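# Commentary on secondary and tertiary structure
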Amino acid sequence: MTASPLVDLLPQLASGAAHTHALGFAFDSLTGDRVRIRAPWREELVGDPDTGVLAGGLVTTLLDHAGGLAVWVALDRFEPIATLDLRVDYMRAARPRADLIAEARCYRLTRSIAFVRAWAFEDHPDDPVAAAQAAYMLDSSQGRPVGANLRTRQGDEA
Amino acid sequence: MSDLLETIPYARFLGLTSTATGDELTVTMPFADRLIGNPLLPALHGGSTAALLELTAVAQVARLYPRLRLPRPINVTVAYLRSGKPLDVQARARISKAGRRVAHVEARAWQENEDQPIATLAAHFLIAEHDF
């Protein structure tokens with residue numbers, strides 16, 4: 001298996017910034033184009049003191065950040081990106097005092113935009129706490145052909 | 001009236017404070033290094049701004065529609081309009097509609113100029129006492 005330089009960077013990209021470090025985010029795994037990061041449960045990240053469940057805003061941050069990693073995975077390199085918009089559906093309350101994992105996948109790259117879906121869960125993405133759909137602005141100076149990440153996939157025309 | 005945000009651990013983690021004019025809350029997220037998501041620009045992590053918006057919406061709904069439980073988000077959409085500079089952020093929320101079970105809320109966050117928001121939020125919250 002050949003690991004690209006980007007893959008080696010993922011742990012740093014997951015937790016290296018001051019905010020993600022303060023939140024305790026950690027790289028979990030990369031399987032194909034699906035990247036996972038983890039937010040360890042902590043009392044100070046709780047959104048409702050009556051339930052001990054992690055705050056919705058923390059889940060949003062986790063999904064946003066996992067989505068960014070998925071974009072870099074799809075690009076197979078690091079470049080400046082910015083979240084354009086993000087929609088999160090909260091399907092159920094998270095388990096009290098439980099870590100959350102976010103899994104994200106970039107399913108489309110254009111010259112300017114990356115489209116991402118992401119899920120947050122404790123154990124398995126089939127039983128999500130929240131699901132997200134997001135778009136990220138790419139650094140358009142890079143001169144990338146439309147659908148560059150999809151070329152090898154059958155039936156996917158850019 | 002006690003400040004609801006002071007009772008929410010994540011709001012304390014973000015350092016949020018609020019002031020009220022009548023029933024309208026203005027919530028401030030004071031700049032702190034640990035809110036930085038991009039050290040090169042530098043820029044605030046979009047997630048911290050999204051969390052500010054969501055907690056502002058929660059506090060505004062709870063103020064106008066007090067219930068035993070906090071309003072729970074059903075879904076939120078955040079648009080990032082400008083990069084967040086290493087400065088304080090302020091936010092305000094407006095309830096577009098509140099029904100028996102659900103409230104729709106719009107919120108905006110800004111830094112130097114309220115007319116140039118750095119992010120906006122549109123969200124539905126469950127305000128009924130029972131679960132989904």
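Residues numbered from 1 in each chain as written. Chains lettered and ligands numbered in written order. Predicted model: local features only at pLDDT ≥ 70, side-chain atom pairs only at ≥ 80, totals over all residues.

For the rest of this paragraph, the subject is the UniProt feature "domain: Acyl-CoA thioesterase-like N-terminal HotDog" (unreviewed entry) in chain B. As recorded in UniProt, the feature "domain: Acyl-CoA thioesterase-like N-terminal HotDog" (unreviewed entry) lies at residues 43–125 of chain B. Secondary structure content for residues 43–125 of chain B is 23% helix and 45% strand, and the end C-alpha separation is 29 Å. (UniProt positions renumbered as here; feature names shortened; annotations may be inferred. Helix = DSSP H or I, 4+ residues; strand = E, 2+ residues; numbered from the N terminus.)

Turning our attention to the interface of chain B and chain A. Across the boundary between the two partners, chain B contributes 32 residues, which contact 29 residues of chain A. Broken down by secondary-structure element, the contributors of at least two residues to the side of chain B that touches chain A are helix H1 (9–13), strand S3 (36–38), helix H2 (46–64) and strand S5 (72–80) of chain B. Here the side of chain B that touches chain A gets eight residues from one element, more than from any other, and that element is S5(B). Residues belonging to the side of chain B that touches chain A are distributed by class as follows: 17 nonpolar, ten polar and five charged. As paired elements, strand S5 (residues 82–90) of chain A and S5(B) share five bridges and run antiparallel to each other. The residue of S5(B) that forms the bridge with Leu86(A) is Val78(B). (Contact = placed C-beta atoms within 7 Å. Nonpolar A, V, L, I, M, F, W, Y, C, P; charged D, E, K, R; others polar. Pairing = 2+ DSSP bridges.)

Turning next to the sheet that holds S5(B). The strands making up a sheet associate through backbone hydrogen bonding, with each pair oriented either parallel or antiparallel. Pairing is antiparallel across the open sheet formed by twelve strands, whose spatial order is S1(A)-S2(A)-S6(A)-S7(A)-S8(A)-S5(A)-S5(B)-S8(B)-S7(B)-S6(B)-S2(B)-S1(B). With partners counted over all chains shown, the strands left at the sheet margins are strand S1 (26–31) of chain A together with strand S1 (17–21) of chain B, one partner each. On average, each strand axis in the sheet is inclined to that of its neighbour by 20 degrees, with strand direction left out of account. Pairing of strand S7 (residues 102–110) of chain B with strand S8 (residues 119–126) of chain B, which is carried by eight bridges, proceeds in the antiparallel orientation. By the bridge assignment, His104(B) is partnered in S8(B) with His124(B). Contacting S1 and strand S2 (34–39) of chain A, helix H1 (residues 5–15) of chain A crosses the sheet at an angle of about 145 degrees to S1(A). Against the sheet, helix H3 (residues 56–75) of chain A makes contact with S1, S2, S5, strand S6 (100–109), strand S7 (113–121) and strand S8 (130–137) of chain A together with S5 of chain B, and its axis sits at roughly 45 degrees relative to S6(A), the strand it touches most. (Axes fitted to C-alpha atoms, helices over the stretch in contact; angles between N-to-C directions.)

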